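Chain by chain, the residues run as shown.
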Amino acid sequence: KQVVILISGRGSNMEAIARAGIPGVRIAAVISNRPDATGLEVARQLGIETRVLDHKGFDTREAFDAKLAELIDSFEPDLLVLAGYMRILGEAFVRRFEGRMLNIHPSLLPAFTGLHTHRRAIEAGVKVAGATVHFVTAELDVGPIVIQAVVPVLPDDDEAALAARVVVQEHRIYPQAVRWFVEGRLQLTDGRVHLLDART
Ligand code: GRF
């Protein structure tokens, strides 16, 4: 299966997926909307084809989205993976890739959608935090949940300490979600994900 990964920054989740060596997966390309994303270099080192599509060159979200979709389609992906991709995607784009686009969000959804999740979790005094891989739907950070991981929030945590604990789990659950997807084990029914048994 061909997988295209979108990043905007460090790309550590992209790296975790690439290094997981998931049977039947080929990372066709890593695409960044930011030319300075450090993950681009990581991808190149891994021998993965990289592309940059800078959103700054576009007047409207629709124009950028259309160009991005065209670029992605040129790699004929079975699955589109958002990994620290920090731009909101418009409705037409989401519809085009619906059912074959995953995202990871550093909270236990549906809690703490949006930005600064770790800071907000600490401020709220929650005792557990975590990460969620979900299918992308039109609404931001909402969408059928594939897998979650839980970590404790410790009394002395600051944002960085909590983020570091969570990202370790992200690197575990994102490759797992991709693996399930390419194995055809993720069934979407009524807005929920059912994990089918492995075929033997
Ligand atoms: C991760 O915490 C991810 O959950 C969030 O942004 C961060 C990206 O990290 N959406 P990386 O670029 O994968 O290293």
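Note that the coordinates shown come from a computational prediction; the quantities given were computed from them, not determined experimentally.

Undergrad: Any chance you could break down the environment of Gly-84 for me, citing the residues and the numbers?
TA: Along the chain, Gly-84 turns up in the loop between strand S4 (79-82) and helix H4 (91-97). Beyond its immediate chain neighbours, meaning those up to four positions away, Gly-84 contacts Ile-7, Ser-8, Gly-9, Arg-10, Gly-11 and Asn-13.

Undergrad: Hey, could you go over the UniProt feature "domain: Formyl transferase N-terminal" (unreviewed entry) in the protein chain for me, with residue numbers and the actual values?
TA: Sequence positions flagged by UniProt for "domain: Formyl transferase N-terminal" (unreviewed entry) are, in local numbering, residues 2-178. What you have in residues 2-178 is 36% helix and 23% strand, and the ends, taken at the C-alpha atoms, are 11 Å apart.

Undergrad: So, the sheet that holds strand S5 (residues 101-105): which residues are in play, and what are the values?
TA: Sheet strands pair via backbone hydrogen bonds, and the direction of the pair is either parallel or antiparallel. Taken in spatial order, the seven strands of this open sheet run S3-S2-S1-S4-S5-S6-S7, and their pairing is mixed. Looking at the sheet topology across the chains shown, the edges are occupied by strand S3 (50-52) and strand S7 (145-152). Between one strand axis and the next, the sheet turns through 20° on average, direction left out of account. Taken together, the four bridges between strand S1 (residues 2-7) and S4 define a ladder with parallel strand orientation. Each residue of the ladder has a partner; that of Leu-6, found in S4, is Leu-82. Packing of helix H6 (residues 159-182) onto the sheet brings it into contact with S1, S4, S5, strand S6 (128-135) and S7, and relative to S6 it is tilted by some 30°.

Undergrad: Residues and numbers for unusual backbone geometry, please.
TA: For the bond from Leu-109 to Pro-110, the omega torsion is 10°, close enough to zero to count as cis. In this structure, Pro-110 sits in the loop between S5 and helix H5 (117-124). Here the phi dihedral of Phe-112 falls at roughly 55°; this positive angle occurs in a residue that is not glycine. Mapped onto the elements, Phe-112 comes out in the loop between S5 and H5.

Undergrad: Can you break down the UniProt feature "active site" (unreviewed entry) in the protein chain residue by residue, with the values?
TA: As recorded in UniProt, the sites labelled "active site" (unreviewed entry) are His-105. Looking at where His-105 falls in the secondary structure, it is placed in strand S5. With sequence-adjacent residues up to four places away left out, His-105 is seen in contact with Ala-131, Thr-132, His-134 and Asp-141.

Undergrad: Requested: an account of the nonpolar core, with residues and values cited.
TA: In terms of nonpolar packing, the biggest core is built from 50 residues, with Val-3, Ile-5, Val-81, Ala-83, Leu-102, Ala-177 and Val-178 touching the most fellow members. At seven residues, H6 tops the list of elements feeding residues into this core. Filtering out sequence-adjacent residues up to four positions away, Val-81 remains in contact with Val-3, Ile-5, Ile-17, Leu-102 and Val-178.

Conventions and cut-offs
Residues numbered from 1 in each chain as written. Predicted model: local features only at pLDDT ≥ 70, side-chain atom pairs only at ≥ 80, totals over all residues. Helix = DSSP H or I, 4+ residues; strand = E, 2+ residues; numbered from the N terminus. Contact = placed C-beta atoms within 7 Å. UniProt positions renumbered as here; feature names shortened; annotations may be inferred. Pairing = 2+ DSSP bridges. Axes fitted to C-alpha atoms, helices over the stretch in contact; angles between N-to-C directions. Core = buried A, V, L, I, M, F, W, Y, C linked by C-beta atoms within 7 Å. Buried ≥ 20, exposed ≤ 12 C-beta atoms within 10 Å, placed from the backbone.

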